[in-house]
Amino acid sequence: MSLKSERRGIHVDQSELLCKKGCGYYGNPAWQGFCSKCWREEYHKARQKQIQEDWELAERLQREEEEAFASSQSSQGAQSLTFSKFEEKKTNEKTRKVTTVKKFFSASSRVGSKKAEIQEAKAPSPSINRQTSIETDRVSKEFIEFLKTFHKTGQEIYKQTKMFLETMHYKRDLSIEEQSECTQDFYQNVAERMQTRGKVPAERVEKIMDQIEKYIMTRLYKYVFCPETTDDEKKDLAIQKRIRALHWVTPQMLCVPVNEEISEVSDMVVKAITDIIEMDSKRVPRDKLACITKCSKHIFNAIKITKNEPASADDFLPTLIYIVLKGNPPRLQSNIQYITRFCNPSRLMTGEDGYYFTNLCCAVAFIEKLDAQSLNLSQEDFDRYMSGQTSPRKQEPENWSPDACLGVKQMYKNLDLLSQLNERQERIMSEAKKLEKDLIEWTDGVAKEVQDIVEKYPLEIKPPNQSLAAIDSENVENDKLPPPLQPQVYAG
């Protein structure tokens, strides 16, 4: 039925103003002829369709990255051509993806503005042109496979994570503290959104946050670990020099309840040192914390075997200090700062990882401030040990137990021999310096005596006399002289 009304002499067919979907409500030209309810439904369908397409695009891009990398390994000559085509295709698809996503979430695009979209399409992210490493590719694939089990929530998480990485790319000029704050805010916002909107259980939220941290920090590692804008490298060198100077510290000085003469305990100590050194090879803060945790558990086992009873916190910290002194982990301060800045805060504030990390920070602070009183030594002995003039006395052979390890005995014997050689070398160097000083003084004395003699008896150089005339210069008849005598040979 066609409804007509008359307004100001203009006849309007009101059926043309109804919703295009035929629900009976009036449509709105700004909503493409739909009513508000139908427009929301159509918008929701289109948005879900676009999210699904973006998810499929991400998977396809990941597969193409793997294929391109594999082809580059098999055919070195065709690498540049293949990879350039792949990158061009990837850039175009990524540009379309960014433009389409902004259509749904940008207010200007909903009212029909196209200028911003064209500018976005002309300026793809520089991170697209960066070839990722093998480890980054592996972590990306694992992250996508992990999020597939969460369906819609996984798609939202992947999109938020990609947007965060793009944002961090343009924030590299900020200070490391500001970048750390951005990362911590991202962790908190994602966790809260999953708990409030997604109704995700706390246990699953923790697992998801671990995977998010692994994915983003693997990509950001080379930009945020020990950056040039900080003094982390300077602190690393200072703590390494400090630990090298404290090489003479013994377990007895620290009251370490560990007996390394027991082979099983010695193995535990070696494993603990290996774990604390391995921390520097990890990229993800959670993996670095895992190395600290493994190291700490080996320490607890070593104490338990030595004492035949469970270890206490009072036993653990001195042993951890001893392990750090023996291992001298590389870039120790940089790793501690990296974990503090970019690790998931919930992991540092709770659980055994946070406890062991706190103890490691305390151990480093103790080493930096270690003095004679801390080791129950006199200041004189402490200074001589620090300067390398002498070293603490080792255990005498007659005091060793019968079941002591032969390797440990030989090690102490060699250390004693090295100590004796060091003392001999110190004496030789002292005498050599004294001899050098005497030679310098003797040289200066001789030079002074010579100077005094020269000043007392100055050298006078007289002008040369006139040349004397030749003896035969006045003999004008020299051409009438007889010939010179010839040598005569007489037969014997």
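Quick notes on the rules
- Residues numbered from 1 in each chain as written.
- Predicted model: local features only at pLDDT ≥ 70, side-chain atom pairs only at ≥ 80, totals over all residues.
- Heavy atoms only, no water.
- Helix = DSSP H or I, 4+ residues; strand = E, 2+ residues; numbered from the N terminus.
- Buried < 20%, exposed > 50% of the residue type's maximum accessible area, 1.4 Å probe, protein only.
- Contact = heavy atoms within 4.5 Å.
- Areas by Shrake-Rupley, 256 points an atom, 1.4 Å probe, with all protein chains shown as cover.
- Expected span 1.5 Å × (residues − 1).
- Patch = residues over 30% accessible without salt bridge, like charges linked within 9 Å, V, L, I, M, F, W, Y side chains within 5 Å.
- Salt bridge = Lys/Arg side-chain N within 4 Å of Asp/Glu carboxyl O.
- Lys, Arg positive; Asp, Glu negative; His and termini not counted.
- Charge placed at Lys NZ, Arg CZ, Asp CG, Glu CD.
- Arc of directions from axis to C-beta.
- Phe/Tyr/Trp six-rings, centres within 6.5 Å; stacked < 30°, edge-to-face > 60°.
- Lys NZ or Arg CZ within 6 Å of the ring centre and 35° of its normal.
- pLDDT = per-residue confidence, 0-100.
- Axes fitted to C-alpha atoms, helices over the stretch in contact; angles between N-to-C directions.
- Parallel < 35°, antiparallel > 145°, perpendicular 65-115°, else oblique.
- Nonpolar A, V, L, I, M, F, W, Y, C, P; charged D, E, K, R; others polar.

Once that is clear, we can look at the overall build of the protein chain. Helices and strands together make up the secondary structure of the protein chain, namely 18 helices and two strands. Counting every position in the protein chain, which comprises 492 residues, the buried fraction comes to 34%. Intrachain contacts of the protein chain at a sequence separation of at least 6 include 68% that bridge at least 24 residues. Summing over all exposed atoms, the protein chain offers an accessible surface of approximately 32400 Å²; the carbon and sulfur share of this is 54%.

All right, on to helix 16 (residues 351-368) then. Along its 18 residues, helix 16 runs 27 Å from first to last C-alpha, staying within 8% of the 26 Å computed at 1.5 Å per residue. If you check which residues of helix 16 are buried, you get Asp 353, Gly 354, Tyr 356, Phe 357, Asn 359, Leu 360, Ala 363, Val 364 and Ile 367. Where helix 16 is buried, its residues contact helix 9 (232-245), helix 11 (263-278), helix 12 (285-307), helix 13 (313-327), helix 14 (332-342) and helix 15 (345-349).

Together, Met 411, Leu 415, Leu 417, Leu 418 and Leu 421 make up a nonpolar patch on the protein surface, roughly 450 Å² of accessible area in all. Overall, Leu 421 belongs to the partly exposed group, its relative accessible area being 42%.

With that out of the way, let us pick up a negative patch on the surface. On the surface, Glu 177, Glu 178, Glu 181 and Asp 185 cluster together to form a negatively charged patch. Here Glu 178 shows up in helix 7 (residues 176-196). Classification of Glu 178 by relative accessible area gives partly exposed; the value is 38%.

A few words now on the pattern of salt bridges. Pairing is possible between side chains that carry opposite charge, provided their charged atoms lie close to one another. Using the criterion set out here, one finds 15 salt bridges in the structure. We note a salt bridge from Glu 142 to Lys 214, for which the minimum N-O separation is 3.1 Å. Placement of Glu 142 in helix 5 (residues 134-147) and of Lys 214 in helix 8 (residues 202-224) is noted, with a sequence separation of 72 residues between them. A residue is classified by how much of its surface remains accessible, and Lys 214, at 17% relative accessible area, is buried. Taking the shortest distance from any N to any O, the salt bridge between Arg 384 and Asp 381 comes out at 2.6 Å. On the criterion of helical spacing, the pair formed by Arg 384 and Asp 381 is a turn pair, its members being three residues apart in helix 17 (residues 379-387). When its relative accessible area of 28% is taken as the criterion, Arg 384 is described as partly exposed.

This brings us to helix 5. End to end, helix 5 covers 20 Å across 14 residues, agreeing with the expected 20 Å (1.5 Å per residue, within 8%). Regarding helix 5, the residues found buried are Thr 136, Asp 137, Val 139, Ser 140, Phe 143, Ile 144 and Leu 147. Around the axis of helix 5, the buried residues are gathered within 165° of arc, so they sit on the same side.

Looking at where Gln 179 falls in the secondary structure, it is placed in helix 7. Owing to a relative accessible area of 6%, Gln 179 belongs among the buried residues under this scheme. When residues no more than four places from it in sequence are discounted, the contact partners of Gln 179 are Met 168, Lys 171, Arg 172, Leu 174, Val 224 and Phe 342.

Take the packing of aromatic side chains next. One pass over the structure, following the stated rule, counts 15 aromatic pairs. A centroid spacing of 5.0 Å and a plane angle of 20° characterise the contact between Tyr 221 and Phe 225, whose relative ring orientation is stacked. Take Tyr 221 and Phe 225: they sit in the same class, and that class is buried. Grouped by ring-pair contacts, the aromatic residues Tyr 221, Phe 225, Tyr 338 and Phe 342 constitute a single cluster. Stacked on the ring of Tyr 223, the Lys or Arg Arg 172 has its end atom at 3.6 Å from the ring centre.

Turning next to the confidence of the model for the protein chain. Averaged over all residues, the pLDDT of the protein chain equals 78, while 72% of them reach at least 70. Note that pLDDT drops below 50 for residues 76-83; the model gives that stretch four contacts with residues more than four away or on any other chain. Counting contacts from residues 97-132, a segment whose pLDDT is below 50, to residues more than four positions away or on other chains yields 47 contacts.

Looking now at the packing of helix 9 against helix 14. Where helix 9 contacts helix 14, the two axes come as close as 7 Å, and the packing angle between them is 135°. Our classification of the angle between helix 9 and helix 14 gives oblique. Between helix 9, through Asp 232, Glu 233, Lys 235, Asp 236 and Ile 239, and helix 14, the contact on the second element is made entirely by Leu 332, Gln 333, Ser 334, Gln 337 and Arg 341. In the contact of helix 9 with helix 14, the residues fall into two nonpolar, three polar and five charged.

This paragraph deals with the side chain of Asn 335. Tracing the backbone through its elements, the reader meets Asn 335 in helix 14. We classify Asn 335 as buried; its relative accessible area is 0%. Filtering out sequence-adjacent residues up to four positions away, Asn 335 remains in contact with Phe 225, Met 279, Asp 280, Lys 288 and Pro 330.

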